[in-house]
Number of protein chains: 2
Amino acid sequence: MKLAIDAMGGDHAPQEIVKGAIQAAKTYSDLKITLVGDQTKIEPMLNSHPQFEILHTTEKIEATDSPVKAVRKKKDASMVLAIHAVKEGRADAAISAGNTGALMAAGLFGVGRIKGIDRPALAPTFPTVKKNEGFLFLDVGSNMDAKPEHLLQYAIMGSIYTEKVLNKPKPRIGLLNVGEEPGKGNELSKAAYSLLKDAPLNFVGNVESRELLQGAADVVVCDGFSGNLVLKAIEGSAMSFFSLIKEELTSSFFSKVLAGLLYPKLKGIKNTMDYAAYGGACLFGLAAPVIKAHGSSNAHATYTTIQQARLLVEKNVVNTIEETILEKRDQWAK
Amino acid sequence: MKLAIDAMGGDHAPQEIVKGAIQAAKTYSDLKITLVGDQTKIEPMLNSHPQFEILHTTEKIEATDSPVKAVRKKKDASMVLAIHAVKEGRADAAISAGNTGALMAAGLFGVGRIKGIDRPALAPTFPTVKKNEGFLFLDVGSNMDAKPEHLLQYAIMGSIYTEKVLNKPKPRIGLLNVGEEPGKGNELSKAAYSLLKDAPLNFVGNVESRELLQGAADVVVCDGFSGNLVLKAIEGSAMSFFSLIKEELTSSFFSKVLAGLLYPKLKGIKNTMDYAAYGGACLFGLAAPVIKAHGSSNAHATYTTIQQARLLVEKNVVNTIEETILEKRDQWAK
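You'll find chain A entered in an unreviewed UniProt entry as Phosphate acyltransferase, with Scopulibacillus darangshiensis given as the organism. Looking at chain A in UniProt, the text filed under Sequence similarities (unreviewed entry) is "Belongs to the PlsX family." Chain A has a UniProt comment under Catalytic activity (unreviewed entry) that states "a fatty acyl-[ACP] + phosphate = an acyl phosphate + holo-[ACP]".

Trainee: Just to check I follow, could you spell out the overall build of chain A for this structure?
Mentor: The helix and strand inventory of chain A stands at 11 helices and 12 strands. Expected size for 334 residues packed as a compact globule is a radius of gyration near 20 Å; at 20 Å, chain A falls within 12% of this value. C-alpha extents for chain A along the principal axes are approximately 65 × 60 × 35 Å. Here chain A, with 334 residues, has 58% of them falling under the buried criterion. At a minimum sequence separation of 6, the contacts of chain A that also span at least 24 residues come to 69%. Surface summary for chain A: the accessible area is close to 13,800 Å², and the carbon and sulfur share equals 50%. Side-chain charges in chain A split into 39 positive and 36 negative, and the spacing between the mean points of these groups amounts to 2 Å.

Trainee: Explanation requested: the domain arrangement of chain A in the structure shown.
Mentor: The accessible area lost on association of the parts is a frequent measure of interface size. Residue and element names in this part refer to chain A. As far as domains go, chain A holds domain 1 (1–117 + 285–318) and domain 2 (125–276). One C-alpha centre belongs to domain 1, the other to domain 2, and the line joining them spans 26 Å. On the side of domain 2, 9 residues touch domain 1, which itself brings 12 residues to the contact. Buried surface at the junction of domain 1 and domain 2, summed over both partners, amounts to about 990 Å²; 64% is from carbon and sulfur atoms. Taken together, the connections running from domain 1 to domain 2 amount to 0 salt bridges. The interface formed by domain 1 and domain 2 holds 2 residue pairs in polar contact (both at pLDDT 80 or more) in total.

Trainee: So what exactly am I meant to see when it comes to helix α5 (residues 100–110) of chain A here?
Mentor: Since the α-helix packs 3.6 residues into each turn, any two residues three or four apart lie on the same face. Residue and element names in this part refer to chain A. Those residues of α5 that sit buried are Ala102, Leu103, Met104, Ala105, Ala106, Gly107 and Gly110. As for α5, its buried residues are in contact with α3 (67–73), α4 (78–87), β4 (93–96), β5 (121–123), β11 (281–284) and β12 (290–292). Trailing α5 by a residue or two, Gly112 shows a phi angle of about 75°, which is positive.

Trainee: Before we go on, may I ask you to explain the pairing of strand β1 (residues 2–6) of chain B in this structure?
Mentor: On any regular strand, side chains alternate: one points to one face of the sheet, the next to the other face. All names here are of chain B. Counting buried residues in β1 gives 4 out of 5 residues, a clear majority hidden from the surface. By the bridge criterion, 5 bridges tie β1 to strand β2 (residues 32–37) in an arrangement that is parallel. The residue bridging Ala4 from the neighbouring strand is Thr34, located in β2. For the crossover that starts at β1, traverses helix α1 (residues 15–27) and ends in the parallel β2, the hand is right-handed.

Trainee: Got a minute to help me understand the sheet that holds strand β6 (residues 125–127) of chain B in this structure?
Mentor: In a beta sheet, neighbouring strands pair by backbone hydrogen bonds and run either parallel or antiparallel. All names here are of chain B. Within the open sheet, the 5 strands sit side by side as β6-β7-β10-β8-β9. Their pairing is mixed. Pairing within the sheet leaves two strands with one partner each, and these edge strands are β6 and β9 (203–207). Averaged over neighbouring strand pairs, the angle between their axes works out to 30° when direction is ignored. In the sheet, strand β7 (residues 134–138) pairs with strand β10 (residues 219–221) via 3 bridges, with the strands oriented parallel. Bridge pairing links Phe137 to Val220 in β10.

Trainee: Help me understand the pattern of salt bridges, please; the structure alone is not making it clear to me.
Mentor: Side-chain pairs of opposite charge can arise where the charged atoms are in close proximity. Counted by the stated rule, this structure contains 22 salt bridges over all chains. Residue Asp218 of chain A is joined to Arg172 of chain A by a salt bridge in which the shortest nitrogen-to-oxygen separation is 3.0 Å. Of this pair, Asp218 of chain A sits in the loop between β9 (203–207) and β10 (219–221) while Arg172 of chain A sits in the loop between α6 (148–164) and β8 (173–176), placing them 46 residues apart in sequence. On the basis of relative accessibility, which here comes to 8%, the residue Asp218 of chain A falls in the buried class. Arg172 of chain A gets classed as partly exposed once you look at its relative accessible area, which sits at 29%. The salt bridge involving Asp65 of chain B is made with Lys74 of chain B; its shortest N-O contact spans 2.7 Å. When salt bridges with common partners are traced through the structure, they connect Asp30, Arg310 and Glu314 of chain A into a single cluster.

Trainee: Mind showing me how you'd approach unusual backbone geometry here?
Mentor: Leaving glycine aside, a negative phi is the common case for residues, and trans is the common case for peptide bonds. Residue and element names in this part refer to chain A. The residue after Leu138, namely Asp139, is reached through a cis peptide bond having omega 5°. Tracing the sequence through the fold places Asp139 in the loop between β7 (134–138) and α6. For Asn167, which is not glycine, the phi dihedral falls at a positive 60°. Examined against the element boundaries, Asn167 turns out to sit in the loop between α6 and β8. We classify Asn167 as exposed; its relative accessible area is 60%. The backbone of Asn316 sits at a positive phi, close to 60°, despite the residue not being glycine.

Trainee: Teacher, can you tell me more about the packing of helix α1 (residues 15–27) of chain A against helix α10 (residues 299–314) of chain A here?
Mentor: Working note: a packed helix pair is described by the angle between its axes plus the distance between those axes. Residue and element names in this part refer to chain A. Here α1 crosses α10 at 50°, and the two axes come no closer than 7 Å. When the axis of α1 is compared with that of α10, the two are oblique. As α1 runs across α10, the sense of the crossing is right-handed. In contact with Glu16, Ile17, Lys19, Gly20, Ala21, Gln23, Ala24 and Thr27 of α1, α10 contributes Ala299, Thr302, Tyr303 and Ile306. Across the contact of α1 with α10, the residue classes tally to 6 nonpolar, 4 polar and 2 charged.

Trainee: What exactly am I supposed to notice about the nonpolar core here?
Mentor: Considering soluble globular proteins, one finds that nonpolar side chains tend to be buried as a cluster. The biggest cluster of nonpolar side chains holds 94 residues, and the ones touching the most others in it are Phe137 and Leu212 of chain A together with Phe137 and Leu212 of chain B. Apart from residues no more than four positions distant in its own chain, Phe137 of chain B is found in contact with Leu122, Ala123, Pro124, Leu176, Leu212, Val220, Cys222, Gly227, Val230 and Leu231 of chain B.

Trainee: Just checking my understanding: could you explain the side chain of Ser240 of chain A for this structure?
Mentor: Here Ser240 of chain A shows up in helix α8 (residues 224–249). Given the relative accessible area of 0%, Ser240 of chain A is considered buried. Ignoring anything within four residues of it in the chain, the contact list for Ser240 of chain A reads Val129, Leu213 and Gln214 of chain B.

So, how was this worked out
In this numbering scheme, every chain counts its residues from 1 along its sequence in written order. Going through the entries in the order they are written, you letter the chains from A and number the ligands from 1. For a predicted model such as this one, the threshold for reporting local features is a pLDDT of at least 70, and the threshold for listing and counting side-chain atom pairs is 80 or more; totals across whole chains, interfaces and linings nevertheless cover every residue. Side-chain figures throughout are based on the complete set of non-hydrogen atoms in the structure, without hydrogens or water. UniProt positions are given in the numbering used here, feature names are shortened, and annotations may be inferred rather than shown by experiment. In DSSP terms, a helix is any run of H or I states spanning at least four residues, a strand is any run of E spanning at least two, and both are numbered starting from the N terminus. For the radius of gyration, the atom set is restricted to C-alpha positions; the globular benchmark scales as 2.2 Å times the number of residues to the power 0.38. The buried label applies to any residue whose accessible area, calculated with a 1.4 Å probe on protein chains only, is under 20% of its type's maximum; exposed applies above 50%, and partly exposed to all values in between. Contact between two residues is taken to exist if any of their heavy atoms lie within 4.5 Å; hydrogens are not considered. Note on areas: these come from Shrake-Rupley sampling with a 1.4 Å probe, and a residue is covered only by the protein chains present in the view. We treat Lys and Arg as the positive residues and Asp and Glu as the negative residues; His and chain ends play no part in the count. Positions of charges follow a simple convention, taking NZ of Lys, CZ of Arg, CG of Asp or CD of Glu. The domain limits used here are those given by an automatic or database domain assignment. As used here, buried area is the combined drop in accessible area, with a 1.4 Å probe, of two parts when they are placed together. Take a side-chain nitrogen of Lys or Arg and a carboxyl oxygen of Asp or Glu: if they are within 4 Å of each other, that pair is a salt bridge. Any N or O atom pair separated by 3.5 Å or less is treated as a polar contact, with the protein-specific requirement of one donor-capable and one acceptor-capable atom, and with residues adjacent in sequence counted only for side-chain atom pairs. A pair of strands is considered paired only if DSSP assigns at least 2 bridges between the two. Viewed with both strands pointing away, a crossover whose connecting path from the first strand over the helix to the second turns clockwise is right-handed. Only the stretch in contact is used when fitting a helix axis, every axis being a line fitted to C-alpha atoms; angles between N-to-C directions are given from 0 to 180 degrees. When an angle is under 35 degrees it counts as roughly parallel; over 145 it counts as roughly antiparallel; between 65 and 115 it counts as roughly perpendicular; any other value is oblique. Left-handed describes a crossing whose near helix is turned anticlockwise from the far helix through less than a right angle; right-handed describes the clockwise counterpart. Under the convention adopted here, Pro, Cys and the residues Ala, Val, Leu, Ile, Met, Phe, Trp and Tyr are nonpolar, Asp, Glu, Lys and Arg are charged, and Gly plus all remaining residues are polar. Nine residue types can take part in a nonpolar core, namely buried Ala, Val, Leu, Ile, Met, Phe, Trp, Tyr and Cys, and a core is a set of them joined through side-chain atoms within 4.5 Å.

As structure tokens, then:
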């Protein structure tokens, strides 16, 4: 198993990325990792570790770079070279915590799309209130103006991933919508509903954004605009609530003492809702496994993202998607 | 000042609705209220209060009724009669905590649209983390497939309301979007951005759903599908976090004791985020003031919604919207 990892992407690169990779190499002795990035920074941390090699580059795509332009211009950027390693068969999968749009663009230019998938989707696993459970949420920002067929393709890809990688048989597929009843929603969601209910999937109907954290479905599909809004609304709410709680609890000495005793509990909640623990976001629809690790990835998040990449490769998810789509295409496509 | 209030709508009708109305009548001696609903239930609570009259009906639109059908069929439903009272000049504004879609349909059939407004919008005031502040959020579910011009109209209506009723000069208008930079988003939001930046409004650009609770803008406009998803995502997050906190805090005897001491603090947070305190959702674009009170309205929420209705009437919001739209129409419309 060979992975290409962009060592320069994300808020804590390269230190935390390299640390997480070293942990993973310790766990999985069959793992070979190519770290792509600045050799002078990476090498001292590796101590000529036998499972690692470095692909040196000093070029890097910034979080603020315009994705398509950056990928076209910065041909030696660390994430671009990581994708190339996959394209040329020197790695089985690529991981980056860098600019999401640029990673998607690099993936599209580099490895291309799975035949039969019109648009790739960005698919993080999002936590629910039940510990160690979560749901796959796609698309959360790759394809802004999705068509009904795209949502059907997301459902198929999500279903295969959830069954194979997350080990959930017959995953419940939900359509993000403004009401539970069929017939609710905008033109897109109404048309997508019709396609989904006729597809050989375990479609459980519409799910409201209010029910997502309660685990209303295992896979929730929507257009990238809606998904991104909802994802960030939940993130923003979490941030706001924790800051409000902190403020209220530390507003007097008395409650400051209590707060000290209760922080471990609150931290437990924060951990439940910590989506770094659920790995990165897959770029489903690309013709090879590419994972976007969270921008704030620490060593642990890097480690779980590597585990996820391993499973994607081992379970042959990309090929299964391609075979399923080709097989069922005529039956499903409009 | 005369208000028509649907006494039968919402989870706590008629008791809490009537209680809230009685409180408001006590505060505002010029207020005359027509309560529409079941006389046998309402009368005993009123004790022939001189500021009240009852418009008796036993017909009611249920939360589960299909809006348009229900309004067409149940011609004597309490909310329909409340709207008619406004249409016929027997009341200056109507309030209902009942079925939102039906209230919108009753409003459209009954009082119609403001000239120049293509689609009415549902516009609640949403709390932010700063106490006693909030932002106007529209549309959150009336118009699922909005056009760019609709979003411009929402911005104009929201700006006028926020300036006149909420007393904020030059309200900051934001466009709900997936990124702050111009050029982000789907086709709708890109086109709406172009219209908004050229309008004589205090347009502050795109705002992300992550920033809403931090008070990123005073008025946030979007299509009804996106608005509804984001609204419910925030509601659902709040619910989930409070239930997680409760669960964690009461999971052992030790922390149960601490939790008892800390509950008042947590309640303070819940109150900050309590949007019933911010009044109901205006149905902007209807040719008369109509307010949807929250479905779970208690007496206090009913009271604040009545205050809001008073301001809508006193500040002549509907006429100002109409005049502004007609005056600027040629300049703004595409």
